[in-house]
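An overview of the molecular structure
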Amino acid sequence: MPDFTAAATQRARVRVPLRFQDGYRADAELVTFHGLTDGQEHVAVVLGDPAPGSTPLVRLHSECLTGDVFGSARCDCGPQLREAVERIAERGGVLLYLRQEGRGIGLYNKLDAYALQDQGLDTYAANAALGLPEDARDYTAAAQMLTALGIGELDLLSNNPDKADQLRALGIQVQDRVPTGVFATPDNVRYLRAKVVQTQHTLPLGELAGLNAG
């Protein structure tokens, strides 16, 4: 790990059985940490048992109260979280649940940006109109968490190339970037298209073109 990333240590581990509304179940260990540089209460969700010598599957999942908890159809966060838990549990690895609501701008600002999106702006233009960065997320704490868990090499479950680039710059070896599923609805298709066009997310624009924003 580069010298500019301070060391973090594991604080506690606790077993938590996960139960989803569709009936899927998985056993997990939740890990908390000391020494994270941003001072946030990020949590690692350890799932499954990697085969000896295999590369763990890892997802960096940014907190989304509206999508993860309330099932909002304006984004794809809830379905991505559900998918990630199952795929990681099958293979063995870790989901890092990062307290970075609204790409790091916070819940209230995210809802303000939603109001601007209702007026026709895309998700990135709405942030800019509020004087906020398009994406304020920094993954230094994620790299600290992975290092504290003994993970220096991984396959990253993500459509976002910036996550892989930041982890590599922080000394984590990302062997492969594994795309998530496409969870498009009429309510989130403009949001998904904006991610492809603005930040080169690996989502099939052809499939998204078949949906009309509602």
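Use the structure listed above.
Since the structure is predicted, the reported quantities are computational estimates derived from the model, not experimental observations.

Below, the discussion takes up the pairing of strand β6 (residues 153-157). The buried count for β6 comes to four of five residues, which makes it a mostly enclosed element. With two bridges connecting them, strand β4 (residues 57-62) and β6 associate as parallel partners. Looking across to β6, one finds that Val58 is bridged to Leu156. As paired strands, β6 and strand β7 (residues 173-178) are joined by five bridges and run parallel to one another. Across the sheet, residue Asp155 finds its bridge partner in β7, namely Asp176. Following the backbone out of β6, through helix α7 (residues 161-169) and into the adjacent parallel β7, one traces a crossover that is right-handed.

What follows is about the nonpolar core. A general trend in soluble globular proteins is that nonpolar side chains are found buried together. Ala44, Leu60, Val94, Leu96, Leu146, Leu154 and Leu167 are the most contacted members of the largest nonpolar core, which has 26 residues in total. Mapped by element, the contributors of at least two residues to this core are β2 (25-34), β3 (43-47), β4, β5 (93-98), α6 (140-148), β6 and α7. Setting aside anything within four residues of it in sequence, one finds Val94 in contact with Ala44, Val45, Val46, Leu57, Val58, Arg59, Ile88, Leu149 and Ile151. In terms of nonpolar packing, the next biggest core, distinct from the first, is built from 14 residues, Val45, Val85, Ile88 and Leu95 among them.

Moving on to the sheet that holds β5. Either a parallel or an antiparallel arrangement is found when strands of a sheet pair, and the pairing is made through backbone hydrogen bonds. What the seven strands build is an open sheet, ordered β1-β2-β3-β5-β4-β6-β7; its pairing is mixed. The open sheet is flanked by β1 (9-19) and β7, the only strands paired with a single partner. Looking at each pair of strands side by side, their axes are set apart by 30° on average, direction ignored. As defined by bridge partners, β4 adjoins β5 across six bridges and the pair is classed as parallel. Bridge pairing in β5 places His61 opposite Tyr97. Relative to β5, α6 is tilted by about 145°, and along the sheet it contacts β1, β2, β3, β4, β5 and β6. Packed on one face of the sheet, α7 meets β4, β6 and β7 and runs near 170° to β7.

What follows is about the pairing of β1. With 10 bridges connecting them, β1 and β2 associate as antiparallel partners. Residue pairing across strands places Val14 opposite Leu30, the latter belonging to β2.

Inspection of every chain in the model, using the stated rule, returns 10 salt bridges. Close ionic contact of Asp118 with Arg74 constitutes a salt bridge, the shortest N to O distance being 3.1 Å. Of the two residues, Asp118 sits in the loop between α4 (107-117) and α5 (123-129) while Arg74 sits in the loop between α1 (65-69) and α2 (77-91), which places them 44 residues apart along the sequence. A relative accessible area of 58% places Asp118 in the exposed class. Residue classification places Arg74 among the partly exposed positions, given a relative accessible area of 27%. Note that Asp155 and Arg91 form a salt bridge whose closest N and O atoms lie 2.4 Å from each other. Pair noted here: Asp155 is in strand β6 and Arg91 is in helix α2, with a separation of 64 residues, a long-range link. Take Asp155: its relative accessible area is 10%, and that puts it in the buried class. A relative accessible area of 32% means that Arg91 is categorised as partly exposed. One salt-bridge network, held together by shared partners, links Asp22, Arg82 and Glu86.

What counts, and where the lines are drawn
- Residues numbered from 1 in each chain as written.
- Predicted model: local features only at pLDDT ≥ 70, side-chain atom pairs only at ≥ 80, totals over all residues.
- Heavy atoms only, no water.
- Buried < 20%, exposed > 50% of the residue type's maximum accessible area, 1.4 Å probe, protein only.
- Helix = DSSP H or I, 4+ residues; strand = E, 2+ residues; numbered from the N terminus.
- Pairing = 2+ DSSP bridges.
- Right-handed = clockwise from strand over helix to strand, strands pointing away.
- Core = buried A, V, L, I, M, F, W, Y, C linked by side-chain atoms within 4.5 Å.
- Contact = heavy atoms within 4.5 Å.
- Axes fitted to C-alpha atoms, helices over the stretch in contact; angles between N-to-C directions.
- Salt bridge = Lys/Arg side-chain N within 4 Å of Asp/Glu carboxyl O.

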